[in-house]
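What follows is the residue order along each chain.
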Amino acid sequence: MAVIIHPVHRRMTELSLILNKRGLTSFEQLELVHCLKVNADLVQRVDGFKEAAYAAQTAGNMDLVQHFSGKLDEMEAKYS
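Note that this is a predicted model, so its numbers are computed, not measured.

Structural notes on the pattern of salt bridges
Step number 1: The full count for this structure, using the stated rule, is three salt bridges.
Step number 2: In this structure, the salt-bridge partner of E31 is R11, at a minimum N-O distance of 2.8 Å. With E31 in helix α2 (residues 26-59) and R11 in helix α1 (residues 7-22), this residue pair connects regions lying 20 residues apart in the sequence.
Step number 3: One salt bridge in this structure joins E28 and R22, with 2.8 Å as the shortest N-O distance.

Now the structure itself:
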C-alpha cells in the first residue's frame with residue numbers, strides 16, 4: 001500500500017516553503033488552516049477504514065476486510 005498524497009498535502013508543502021522564506025500573508029495563514037482541517041478529515045477516514053478492516057479481520061469476516069481494503073485502495077488511486 002502506497003502513501004496517499006492528497007493535493008492538500010502538496011499545498012501545505014508549498015505554504016511551508018513560503019513560511020520559511022518570508023512568512024505567510026493573512027490569506028495564506030487561513031489557507032494553511034483550511035489545509036490542516038482537510039488533512040485531519042483525510043487521516044480520520046483512512047484510520048477509520050484501517051480500524052474497521054482490523055476489527056473485521058479479528059472477527060474472521062474476510063468479506064468485510066476486503067471491503068474496507070478496497071475503500072483504502074480507491075482513496076489511494078484517487079489521489080495518486
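So, next bit.
As for the environment of L17
Step number 1: By the secondary structure assignment, L17 is in helix α1.
Step number 2: By relative accessible area, which is 54% here, L17 ends up exposed.
Step number 3: Taking the C-alpha atoms as reference points, L17 and Y54, 37 residues apart in sequence, are found 37 Å from one another.

Topic: the nonpolar core
Step number 1: Within the largest apolar cluster, nine residues are counted, these being I4, L42, V46, F49, A53, F68, L72, M75 and Y79.
Step number 2: Those elements that provide at least two residues to this core are α2 and α3 (62-79).
Step number 3: Once residues within four sequence positions are removed from consideration, M75 is found in contact with I4, L42, R45, V46 and F49.
Step number 4: Membership of the second largest hydrophobic core comes to six residues, among which are M12, L15, I18 and L24.

With respect to the environment of L32
Step number 1: Take L32: it is sitting in helix α2.
Step number 2: Since its relative accessible area comes to 23%, L32 is described here as partly exposed.
Step number 3: Spatially, the C-alpha atoms of L32 and T13 are 9.8 Å apart, while their sequence positions differ by 19 residues.
Step number 4: With sequence-adjacent residues up to four places away left out, L32 is seen in contact with M12, L15 and L24.

Things to note about α3
Step number 1: Spanning 18 residues, α3 covers 26 Å between terminal C-alpha atoms, matching the ideal 26 Å at 1.5 Å per step.
Step number 2: The secondary structure elements touched by the buried residues of α3 are α1 and α2.
Step number 3: Two to three positions downstream of the cap, the backbone nitrogen of D63 sits 3.3 Å from a side-chain oxygen, assigning the N-cap of α3 to N61.

A short note on the confidence of the model for the chain
Interpretation of this model should avoid reading the predicted coordinates in detail wherever pLDDT is low.
Step number 1: Summarising the model, the chain shows a mean pLDDT of 94, and 96% of its residues fall at 70 or more.
Step number 2: Put simply, α3 is where the chain has its lowest mean pLDDT, 93, and α2 is where it has its highest, 97.

Analysis parameters
Residues numbered from 1 in each chain as written. Predicted model: local features only at pLDDT ≥ 70, side-chain atom pairs only at ≥ 80, totals over all residues. Heavy atoms only, no water. Salt bridge = Lys/Arg side-chain N within 4 Å of Asp/Glu carboxyl O. Helix = DSSP H or I, 4+ residues; strand = E, 2+ residues; numbered from the N terminus. Buried < 20%, exposed > 50% of the residue type's maximum accessible area, 1.4 Å probe, protein only. Core = buried A, V, L, I, M, F, W, Y, C linked by side-chain atoms within 4.5 Å. Contact = heavy atoms within 4.5 Å. Expected span 1.5 Å × (residues − 1). Polar contact = N/O pair within 3.5 Å; in protein donor to acceptor, adjacent residues only side chain to side chain. pLDDT = per-residue confidence, 0-100.

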